[in-house]
Amino acid sequence: MIRPLWIEVNLKQLSRNLKAIRKHLKPGVKVVATIKQSAYGHGLIPVARELSSQGIDSFGVGSIEEAIALREDGFGGSILVLSAVLDKYAGFFIRYKVTPSVVDIKFISKLNKEASKIDEVVPVHIEMDTGMGRLGFACRNVSSLAGQLKRFKNIKIEGVYTHFPVADSDPDFTNYQINSFNKFIKELDKEGITPDFRHCANSTGLINYPKAHFNMVRPGLILYGVTPDLAVQADVKPVLSLKSKVIFIKKVKKGTSIGYGRIFFSKCPGYIATVAVGYADGYPWSLSNCSRVIINGSFLNIAGRVCMDHIMVDAGKSKVSVGDDVILIGSYKNLKITAEDLAQLSGTIPYEIVSRLSLKIPRIYKS
Ligand SMILES: *Cc1c(COP(=O)(O)O)cnc(C)c1O
């Protein structure tokens, strides 16, 4: 690493977060650790290995590619793909023993056909759309759905699940979804289908809706110690820090403009430090002129626009030198900058801040 930009991932903290999450659950409730999109930017394999060492029950991934990467790394447990896959790729689920989310009949019938060729029974989870509007079957006409599902002799309906769009902001709608899901499970049971696993809780659902736990939960963001919303109170701490170094420093007169667009002018004579991070690394351009960093134990503001691979920092009169560490996300003593802070300043959600950190940035894993 010659360009000084790196991510530190604290795997011990990841395990501590998992422990804290498990405290919310009744004994026997299984955890699907959601590690889609390279574990929300933290790195798929190291995160998966750490969580496996803590006896995680199952992984939720975003693509068959991520599932295959876990298999190739030697993970033998259950993997659920939390998305739809085109039916021509159904065979991959059988070859790699990965569990699909079934959201339409065409896919499951292709999967059944492939499985019947080799005389196997393939487990699947059925996704129900109770109000997310993204993927899944509608809860109407359960007996017709059940009738269709029962035709597939080489499929085991191992799980059924749904997803919340507003668990952080709308209890009425979320409760309505939980009720619809409960009703659906009962009707399905009457039709003779009783899946082993029933689940709907993402991070917010898990923390704020104990009755949404059923017998499986799917936390993502809180595993990484980031909270989706202020209303979500979990005893977790950030796993990831983003760090760089000062690569250039200059003395400026009062009134010197800094960076593209000339939107920043120094308010007094002092120092401007240039730091090796930019929007191409996933540090949002919308933090231009409005975020801050930690250098040598002080907060310093960003001066002007975020460039593709640099930012400038208003060091004022403080002693800053080339080579000094810069904390972009992370903490130093009692100072901290969180993904939630950057999300708020840049008008996005913490999920986007962590998951868009470029995969080219070296990750350093501490255990
Ligand atoms: C991403 C995702 C989750 C995890 O959500 P968090 O808010 O990160 O906890 C759970 N379930 C599904 C279907 C998802 O897509």
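Residues numbered from 1 in each chain as written. Predicted model: local features only at pLDDT ≥ 70, side-chain atom pairs only at ≥ 80, totals over all residues. Heavy atoms only, no water.

Asks: Explain the overall build of the protein chain to me, please; I cannot follow it from the model alone.
Replies: Looking only at helices and strands, the protein chain has eleven helices and 20 strands in total. Each of the three principal axes of the protein chain carries a C-alpha extent, and together these read 80 × 45 × 40 Å. For the protein chain, the residues scored as buried account for 51% of the 367 residues in total. Counting only contacts in the protein chain whose residues sit at least 6 apart along the sequence, the fraction spanning at least 24 positions is 66%. Within the protein chain, one finds 49 positive and 32 negative side-chain charges whose respective centroids are separated by 6 Å. (Helix = DSSP H or I, 4+ residues; strand = E, 2+ residues; numbered from the N terminus. Buried < 20%, exposed > 50% of the residue type's maximum accessible area, 1.4 Å probe, protein only. Contact = heavy atoms within 4.5 Å. Lys, Arg positive; Asp, Glu negative; His and termini not counted. Charge placed at Lys NZ, Arg CZ, Asp CG, Glu CD.)

Asks: Would you mind going over the side chain of N215 with me for this structure?
Replies: Along the polypeptide, N215 turns up in the loop between α9 (203-208) and β10 (216-217). Among the polar contacts listed, one links the side chain of N215 to the backbone oxygen of D196, at a separation of 2.7 Å. (Polar contact = N/O pair within 3.5 Å; in protein donor to acceptor, adjacent residues only side chain to side chain.)

Asks: Help me understand the site of the ligand in this model?
Replies: In the neighbourhood of the ligand, 13 residues make up the surrounding shell, with K36, Y40, S203, R218 and Y351 lying closest. In the environment of the ligand, an oxygen atom lies 3.1 Å from a nitrogen or oxygen atom belonging to the side chain of R134. At 2.5 Å from an oxygen atom of the ligand is found a side-chain nitrogen or oxygen belonging to S203. Computed on the free molecule, the ligand has an accessible area of 390 Å², of which 95% lies beneath the protein chains in the complex. Across the shell around the ligand, the residue classes break down as five nonpolar, five polar and three charged. (Near = heavy atom within 4 Å. Areas by Shrake-Rupley, 256 points an atom, 1.4 Å probe, with all protein chains shown as cover. Nonpolar A, V, L, I, M, F, W, Y, C, P; charged D, E, K, R; others polar.)

Asks: Can you help me understand a positive patch on the surface in this one?
Replies: On the surface, K12, R16, K19, K23, K237 and K336 cluster together to form a positively charged patch. Examining the composition of the positive patch, we find that three residues originate from one element, helix α1 (residues 11-22), more than from any other. Looking at the secondary structure, you find R16 in helix α1. (Patch = residues over 30% accessible without salt bridge, like charges linked within 9 Å, V, L, I, M, F, W, Y side chains within 5 Å. Salt bridge = Lys/Arg side-chain N within 4 Å of Asp/Glu carboxyl O.)

Asks: What am I meant to see in the domain arrangement of the protein chain here?
Replies: When the parts of a complex come together, some accessible area is lost, and that lost area is often used as the size of the interface. As assigned here, the protein chain comprises domain 1 (32-223) and domain 2 (240-366). Computed from C-alpha atoms alone, the centre-to-centre distance between domain 1 and domain 2 is 39 Å. Every contact between the two is made by seven residues of domain 1 and, on the other side, eight residues of domain 2. Note on domain 1 versus domain 2: buried area summed over both sides is about 760 Å², and carbon and sulfur give 68% of it. When the buried surface of domain 1 facing domain 2 is broken down by residue, G41, H42 and L221 rank first, second and third, together holding 56% of it. For the pair domain 1 and domain 2, the interface holds two residue pairs in polar contact (both at pLDDT 80 or more). Split by residue class, the side of domain 1 that touches domain 2 holds three nonpolar, four polar and no charged. (Domains from an automatic or database assignment. Buried area = accessible area lost by both parts, 1.4 Å probe.)

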